[in-house]
Amino acid sequence: MTRLHPRAALRRTAGGLAAAGLLAAGSLAAGAPAQADSPAFTLGGPAETALHPYPASGSPQKTSLALTVSNPDEDEESYGYEGEVTYTVDFSGIAGVAVVSPAEDTGADCTITGTTAVCHDYGVYPGLSGIADFGLAAAKGSTDGASGTIRVTGEAEGATFVPFSTKVVVGGPDLVMEQIPFDRETKPGDVQPAPVTFTNKGSRAADGVLLTLMYSRGLDIPERYANCEYDGEAGEEPQDAFAWSTALCSVEGSYEPGATYTLAVPLSVRATERAYYDTFLYRIHEDSAAQRSAQRAGAPFARGAGPELTLKKVTSSARSADLDPWNNQQEADFRTENTADFAAYGAKTEGAEGATVTAEVGYRNEGPAWIGYIRSGEAVATLDVTVPAGAEVTGKPESCQGVTAAGRYREKQLGAPRYFCDSSMTVRDGADIALPFQLKINEVVPGASGAVTVRNTWLSEPALPFDPDTSDNTAQLVLNAADTGSEDTGGTSEGTSTGTEGATGGDTSGSTSGTSGTTGSSGDAATSGSTTASGTSGTSGSASADSGGILASTGSAALMATAAAAVALAAGGVMYATNRRRAQQI
């Protein structure tokens, strides 16, 4: 009998992770949804797990099997199902094919007896959660191609579970993508060849391959191949905050073990006039309808009208039993010599004493570049808003943090003299970030005004590194202008008066998390001036105060949150959290 350690921490992924197809290293399978008259949960995991063949000498290599449970509860405040849960994993179907071993920090408290594992846990959180991890290795005497099935069931009082089964097979193709030696420093208009090359280091041939190409908004692939499907221009809609395009190319043929293949004619990667910080991802899988569906992630695709993309054999080498699904992908980051003009705009409004008015301030990215920190997930910019004299903020966007007049931490979020509003990790070219504030006029002060400045997220070094034109970075928020024609608010939006006494909405929780600063700081908001609001790069200023940060997507779906970036990388996805240098603290 073997006991597995209890879970150290719940591993959850954002809904956008699955939608983005970032678990593409092995498509997840799950049963059909259960009936909704009681809590209904769906068990899942990889549709198929390939094992390294049993070696002639030495110990067999293990492969991890991660089992999951999905709770469709969409209530963000919900704790999900609360009660005792039992999961049963039947390994009898892989007898003689594979052996099972416990994995460290596996999740639920599991006991393995013979060919059955029984796992006890408490509760099922909303979204996708891990149940348990197991180690699988080819059994001694197993042959290449041998296979079996693992079955998983669940039980809890008052709840139902859709059972799950996964296939385990010994041997298979292992497509390993090689890195392309790109020039990472570019200028708009630069075109580079991309000779995509991979090797099959597995034990069997791949029957056709599926090449996935993903590129952020500042990049383009000029060719449109007849055997490729494309999901349109990156970030062509305002809500496409993360601005990824995807091309899926199916190439027929048998790709032998030990052989290396490359494109017969390299495709091209071009830095467009929008380029600044950009990423190009290239991934290879054995082709199948299931894999194509997983890579599409529900996004619409259109087939190209040009010649077919083809592959040619380069070399043959000794066979390798490196069945590793995490080496199918390579990525390249580009830094393009370009700029973006961020222009702030203020507002003019008026009202009587005791009235509440709405003033919409914000900024626009007038291009030409889109700005995206898609690796680190950091905010691109901060809108710094000073409240005019005689007024009190009674409602604010969720992405804005109330601070003192000096920019320091303040507990109470409404009624603050100043607000810091962080953008998301991307602000596309043409974006208009509008932030509505509700202001109660406690005293009519003719011509009262406050500054509206778009700046770097570090208060100590406010210059935006990509914006050399600072002349339009500041505008004015004016209340009861003495002379309505004399104040320049930098491109105003007219506010409206509600004529009410109190707040008409807004966030009173102060749930932004930028009050602690960054590692090594004192937690003083005047040091960093940064919150972690996500927002979109489009038009809404009322975004959640949760941290934004997701990679990359498959198809045109949005990226996941930064908290899930590490999961995405481990699953063969595009995003992982890396540190981009930010301005030095004061």
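See the structure shown above.
Everything in this summary refers to the structure shown in the same document. (Residues numbered from 1 in each chain as written. Predicted model: local features only at pLDDT ≥ 70, side-chain atom pairs only at ≥ 80, totals over all residues. Heavy atoms only, no water.)

Regarding the nonpolar core
A general tendency of soluble globular proteins is for nonpolar side chains to be buried together. The biggest cluster of nonpolar side chains holds 38 residues, and the ones touching the most others in it are Phe342, Ile371, Leu383, Phe437, Leu439 and Phe466. Looking at this core, the elements with two or more residues in it are β29 (340-345), β31 (356-368), β33 (382-386), β34 (391-395), β36 (418-422), β38 (432-441), β39 (448-455) and β40 (474-479). Among the elements that line this core, the one with the most residues is β38, at five residues. Filtering out sequence-adjacent residues up to four positions away, Leu383 remains in contact with Val361, Gly362, Tyr363, Tyr419, Phe420, Cys421, Leu435, Val452, Thr453 and Val454. (Core = buried A, V, L, I, M, F, W, Y, C linked by side-chain atoms within 4.5 Å. Buried < 20%, exposed > 50% of the residue type's maximum accessible area, 1.4 Å probe, protein only. Helix = DSSP H or I, 4+ residues; strand = E, 2+ residues; numbered from the N terminus. Contact = heavy atoms within 4.5 Å.)

A look at the pattern of salt bridges
For the structure on display, the rule yields 10 salt bridges. With a shortest N-O distance of 2.8 Å, Asp144 and Arg204 are connected by a salt bridge. Here Arg204 lies in the loop between β18 (197-200) and β19 (206-216) and Asp144 lies in the loop between β11 (127-138) and β12 (147-156), a separation of 60 residues in the sequence. Judged by relative accessible area, Arg204 falls into the partly exposed class, the value being 29%. Residue Arg375 is joined to Glu331 by a salt bridge in which the shortest nitrogen-to-oxygen separation is 2.6 Å. Taken together, the residues Arg375 in the loop between β32 (371-372) and β33 and Glu331 in strand β28 (residues 329-336) connect sequence positions 44 residues apart. Of the two residues examined, Arg375 and Glu331, each falls in the buried class. Among the ionic contacts, a cluster of salt bridges with common partners joins Asp220, Arg224 and Arg270. (Salt bridge = Lys/Arg side-chain N within 4 Å of Asp/Glu carboxyl O.)

What to know about the state of the cysteines
What the rule picks out here adds up to three disulfides. A sulfur-sulfur distance of 2.1 Å marks the disulfide that ties Cys110 to Cys119. Torsion about the S-S bond of the Cys110 and Cys119 cystine: about 110°, corresponding to right-handed handedness. Of the residues examined, Cys110 reaches a relative accessible area of 0% and is grouped as buried. Since its relative accessible area comes to 0%, Cys119 is described here as buried. One disulfide in the model links Cys228 with Cys249; its S-S distance is 2.0 Å. On the sign convention where negative is left-handed, the bridge of Cys228 and Cys249, at about 110° about the S-S bond, is right-handed. (Disulfide = S-S within 2.5 Å.)

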